[in-house]
Amino acid sequence: MIDLRSIRRFLAGMPIALLILSVCCASFTQAGGLAKQVRQNTPDSSELTVKHGLASRYSGDKGIENDPNVIFAENFEEGSLDAVRSRWESVENIGIMSLSSDVPAGSGGKQSLLMSHIGGTSNGGHLYRRLLPGYEQLYVRFYVKFDRDCFPIHHFVHVGGYNPSTAWPQGGAGIRPAGNERFTTGVEPYGRQWRWDFYSYWMGMRSSPDNKSWGHDFINDGNLKAERDKWTCVELMMKMNEPVTEHNGQQAIWIDGKPWIRQGQTVSYLGEGFPKGKWVWDSFNPDPEGSPFEGFQWRNDENLKLNFLWLLLYITDAPAGHVSKVWFDDIVAARQYVGPTNPGL
């Protein structure tokens, strides 16, 4: 026989049960959304501490140029400067360049490129080429050695994009890009401070006290030394914002395969929501008590992509006759993290 009183009690309790179930589901969904947001605002740990990049598969980088993820590789083993020049679209002041037998430990080659700047004769030289058709994300790894007596460097290696692309580097110093025509980031040893940092131009940059927009720096740590008289592995990553209305572009630097960590934050990897810090004019100063970094809107036009590499030595104030030597070697531009050379498999 059916117990009508039990049925009435069951039906009366259903709204409360459904309410509890709804609250639990909403809390779960909100927690999931929060976790997703945290993941989006935190650099991927695999990106930060990559230990096995493309280079780990190739002893001394031999054969790395044939990897399907490699876009361009330059090891200066061609045998002559004319052969080197043929692989680049714009070569400035080749007279300061020579091939040298000084190479990084673990390199599979026997030559590097030496640029020897003499104060009072020029501002330096460069190698420049396009990386076509253009990319949404790039990793550029190179080895560099500064002579002990090298004079402070004004500007150094740059990666970025031009729309339309050009076979030569463009200007734009002190001018904020519009978002549809250009953006650049330099990896700089920052003058007399000899510290590694970014030097970036993009549509969201701030102004300097002189109301111009000069390249912005982001790490601001004198302990991240650009050491002289030794080979250093430097790698720059840049990632475009997508869609173009978002600020989810990123950039990162690894020195000798390691990110730079200070006060519990990875400060050499920047993206939407990380790291925390404070702006002082055009300089971002990481600080765990500051505000999350806003991210990069590199572009507002999807036709603007990463499409050039500019190997630049630019020295402006060296005394007349002062010789500054800088060696470059084992340059790789790729779609994935490259990492330091593998000395042997």
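Residues numbered from 1 in each chain as written. Predicted model: local features only at pLDDT ≥ 70, side-chain atom pairs only at ≥ 80, totals over all residues. Heavy atoms only, no water.

## A word on the layout of surface pockets
Our working definition: We place a 1 Å grid over just the protein atoms. Points where a 1.4 Å probe fits but has no way out form a cavity, open points with protein on both sides within 12 Å along at least 5 of 7 lines form a pocket, and any residue with an atom within 4 Å of a point lines it. Grid points are joined across faces, edges and corners, and a volume is the space filled by probe spheres set on the points. Here a strand is any run of E in DSSP of at least two residues, a helix any run of H or I of at least four, and the numbering for each starts at the N terminus. The classification used treats Ala, Val, Leu, Ile, Met, Phe, Trp, Tyr, Cys and Pro as nonpolar, Asp, Glu, Lys and Arg as charged, and all other residues, Gly among them, as polar.
Each pocket or cavity is described by its volume, and for the largest pocket that value is around 360 Å³. If you go around the largest pocket, you meet 17 residues; those closest to its centre are His 155, His 158, Gln 170, Ala 173 and Trp 310. Elements with a contribution of two residues or more to the lining of the largest pocket: strand S7 (157-162), strand S8 (182-188), strand S9 (197-201) and strand S18 (306-314). If you tally residues by element for the lining of the largest pocket, the top one is S18, at three residues. Residue composition of the lining of the largest pocket, by class: nine nonpolar, seven polar and one charged.

## What about the sheet that holds strand S15 (residues 276-280)?
Our working definition: Following DSSP output, two strands are said to pair if at least two bridges run between them.
If you walk across this open sheet you meet the three strands as S16-S15-S17, and the pairing is antiparallel. Edge positions in the sheet fall to strand S16 (283-286) and strand S17 (291-292), since each has one partner strand and no second. In the sheet, S15 pairs with S17 via two bridges, with the strands oriented antiparallel. Note on S17: the bridge partner recorded for Lys 276 is Pro 292.

## Topic: the pairing of strand S11 (residues 250-255)
Defined as follows: Accessible area is worked out with a 1.4 Å probe on protein chains only. A residue is then buried under 20% of its type maximum, exposed over 50%, and partly exposed in between.
Within S11, six of the six residues are buried, which leaves it mostly tucked inside the rest of the structure. Going residue by residue along S11, you find Gln 250, Ala 252 and Trp 254 tucked away on one face and Gln 251, Ile 253 and Ile 255 tucked away on the opposite face as well. Bridge analysis of strand S10 (residues 231-239) against S11 gives six bridges, and the strand direction is antiparallel. Paired with Met 237 across the two strands is Ala 252, which belongs to S11.

## Observations concerning the sheet that holds S18
Defined as follows: For helices, the axis comes from a line fit to the C-alpha atoms of the stretch in contact; other axes are also lines fit to C-alpha atoms, and the angle between any two N-to-C directions lies between 0 and 180 degrees.
As summarised here, the arrangement of the six strands in space is S2-S5-S18-S7-S8-S9, forming an open sheet in which the pairing is antiparallel. With partners counted over all chains shown, the strands left at the sheet margins are strand S2 (90-92) and S9, one partner each. Taking each pair of neighbouring strands and ignoring which way they run, the sheet shows an average axis angle of 15 degrees. Note that S7 and S18 share three bridges and pair antiparallel. Looking across to S18, one finds that Val 159 is bridged to Leu 309.

## Let's talk about the nonpolar core
Generally speaking, nonpolar side chains in soluble globular proteins are found buried as a group. Selection rule: Joining through side-chain atoms within 4.5 Å is the link that ties buried Ala, Val, Leu, Ile, Met, Phe, Trp, Tyr and Cys residues into a set, and such a set is a nonpolar core.
If you look at the biggest cluster of nonpolar residues, it comprises 60 residues, and the most contacted ones within it are Phe 146, Phe 156 and Trp 196. Counting residues per element, this core draws most heavily on strand S6 (residues 137-146), at five residues.

## Examining the packing of aromatic side chains
Let me state the cut-off plainly: Ring pairs are drawn from Phe, Tyr and Trp, using the six-membered ring of Trp, whenever the two centres fall within 6.5 Å, and their geometry is named by plane angle: stacked under 30 degrees, edge-to-face over 60, tilted for the rest. To sit over a ring, a charge needs its Lys NZ or Arg CZ within 6 Å of the ring centre and within 35 degrees of the ring normal.
A complete count under the given rule lists 29 aromatic pairs for this structure. A centroid spacing of 6.4 Å and a plane angle of 85 degrees characterise the contact between Tyr 139 and Tyr 337, whose relative ring orientation is edge-to-face. Linking Tyr 139 in strand S6 with Tyr 337 in the segment after strand S19 (323-334), this pair joins segments that are 198 residues apart in sequence. Each member of the pair, Tyr 139 as well as Tyr 337, is classed as buried. Here a set of aromatic residues connected by ring pairs shows up, and it is made of Phe 183, Phe 198, Trp 202, Phe 218, Trp 279, Phe 284, Phe 293, Phe 296 and Trp 298. Directly above the aromatic system of Trp 327 lies the positively charged group of Lys 145, at a separation of 5.2 Å from the ring centroid. We note Arg 195 situated over the ring of Tyr 190; from NZ or CZ to the ring centre the distance is 4.4 Å.

## Brief notes about the side chain of Lys 145
The line we're drawing: Polar contacts here mean pairs of N or O atoms no more than 3.5 Å apart (in protein, one a potential hydrogen donor and the other a potential acceptor; neighbouring residues in sequence count only if both atoms are side-chain atoms). For this analysis, residues touch if any pair of their heavy atoms sits within 4.5 Å.
Relative to the elements of secondary structure, Lys 145 occurs in strand S6. Engagement of the side chain of Lys 145 in a polar contact is seen with the side chain of Asp 102, the distance being 2.7 Å. Beyond its immediate chain neighbours, meaning those up to four positions away, Lys 145 contacts Asp 102, Asp 229, Lys 230, Trp 231, Lys 325, Val 326 and Trp 327.

## Some words on the pattern of salt bridges
Condition: Salt bridge, as used here, is a side-chain nitrogen of Lys or Arg placed within 4 Å of a carboxyl oxygen of Asp or Glu.
Applying the stated criterion across every chain, the model contains 18 salt bridges. Between Arg 87 and Glu 74 there is a salt bridge whose closest N-O contact spans 3.0 Å. Taken together, the positions of Arg 87 in the loop between helix H3 (81-85) and S2 and Glu 74 in strand S1 (residues 70-74) put the pair 13 residues apart, joining distant regions of the chain. With a shortest N-O distance of 3.6 Å, Arg 262 and Asp 221 are connected by a salt bridge. With Arg 262 in strand S12 (residues 261-262) and Asp 221 in the loop between S9 and S10, the pair connects residues that are 41 residues apart, well separated along the chain. Each of the salt bridges in this network shares a partner with another, and the network as a whole consists of Glu 136, Glu 242, Arg 299 and Lys 305.

## Looking at unusual backbone geometry
Here the bond from Asn 163 into Pro 164 is cis, since omega is 0 degrees, no more than 30 degrees from zero. Within the secondary structure layout, Pro 164 lies in the loop between S7 and S8. Note the cis peptide between Glu 242 and Pro 243, where omega equals 0 degrees. Counting through the fold element by element, Pro 243 comes out in the loop between S10 and S11. A positive phi angle, close to 45 degrees, is found at Trp 194, a residue other than glycine. At Gln 263, a residue that is not glycine, the phi angle is positive and equals roughly 50 degrees. Classification of Gln 263 by relative accessible area gives exposed; the value is 54%.

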